[in-house]
Amino acid sequence: MRHLSILILLLCLPLALKAQVLRGKVYNSKNTIENIKVFNDTQNRLTATDKNGDFTINAKVNDTILFESLFYHPKVVILKDIHFEDIAVFELKETLTELDEVEIKAEPEQPVFKEETYNTDLQNIIKEDIKNNPHLYAPSGANYGVDFVYLIKTVAKLFKKNKGKDPTYQPITYTQMDSLFEKSSFFNKRLITENLKIPEDKVYLFYDFCEAKYISSELLKEENKMQLLEELVLNSQLFLILLEQYGQENLTKD
């Protein structure tokens, strides 16, 4: 009978060894962590830690256990007897702690608008074009000088030509500009004279100039008013350059 008991014990021993369970807990440097994948690569078994960082998985000595997560370095452990004596503790290192080692490339520097350089270059362009093509800036019948009103319209159209194909939208007209600054609480005469620095007696000529620049009528919509303001600021700078260079000495009436 005794021999029979020993034989049964020997037969059950491999099954007992095979049925070992690894009980473990997973930490980071501060707390327990959940949803860590625990994979027994030897027996092809998978589980995950709970909210307390605990897990259980069938395993035995010399099995290879893998710990994986998107936010932690993978960890590989070869099980030893000590891992089965009590709850085994495993620590994972966060990958987020290494962000200071990542090379951060600075955003490309945006070009800086330098008004002085812009104005100087623009003046030179206008002067050179007038010098080379004086007939383009003098209305028919003019015998001397530069007709400033004609110059304003011609330069505006000259810049417009460089933009290529005409857009499908309708440009803002002189009448629409006049109506806008009469009725709008935002676009008012004070904005023209104080912010855009347009002289009061040149306001209507400025409307004429803006019409020749073919500004999109879509900018008249309320949601586009800041884009329209940008257009007016740029056009006012060009207008004032022309006024300063040619308006005082050569201004003639239409």
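Definitions and cut-offs
- Residues numbered from 1 in each chain as written.
- Predicted model: local features only at pLDDT ≥ 70, side-chain atom pairs only at ≥ 80, totals over all residues.
- Heavy atoms only, no water.
- Helix = DSSP H or I, 4+ residues; strand = E, 2+ residues; numbered from the N terminus.
- Contact = heavy atoms within 4.5 Å.
- Buried < 20%, exposed > 50% of the residue type's maximum accessible area, 1.4 Å probe, protein only.
- Arc of directions from axis to C-beta.
- Core = buried A, V, L, I, M, F, W, Y, C linked by side-chain atoms within 4.5 Å.

With that settled, consider the environment of Val-21. Examined against the element boundaries, Val-21 turns out to sit in strand β1 (residues 21-27). Sequence-wise, Val-21 and Asn-58 are 37 residues apart; in three dimensions their C-alpha atoms are separated by 4.4 Å. Setting aside its immediate chain neighbours within four residues, Val-21 contacts Thr-56, Ile-57, Asn-58, Ala-59 and Phe-84.

Quick look at helix α6 (residues 203-212) now. Counting buried residues along α6, 8 of its 10 residues qualify, which places the element largely inside the surrounding structure. For α6, the complete set of buried residues consists of Val-203, Leu-205, Phe-206, Tyr-207, Asp-208, Phe-209, Cys-210 and Ala-212. Within two residues after α6, Tyr-214 carries a phi angle of roughly 55°, on the positive side.

On to helix α4 (residues 174-183). Listing the buried residues of α4 in full gives Met-177, Leu-180 and Phe-181. Along α4, the residues classed as buried sweep out an arc of 85° about the axis, all on the same side. Every exposed residue of α4 that faces more than 90 degrees away from the buried side is listed here: Thr-175 and Lys-183.

We now examine the nonpolar core. Judged by nonpolar contacts, the single largest core of 24 residues is most densely connected at Phe-181, Phe-206, Leu-228 and Leu-232. Where this core is concerned, the elements lending two or more residues are α4, α5 (189-195), α6 and α7 (225-250). Ranked by residue count, the leading element in this core is α7, at 7 residues. With residues up to four places along the chain from it excluded, the contact list for Leu-228 reads Ile-172, Leu-180, Phe-187, Ile-215, Leu-219 and Leu-220. The next biggest cluster of nonpolar side chains, apart from the first, holds 17 residues, and it includes Val-26, Ile-33, Val-38 and Phe-84.

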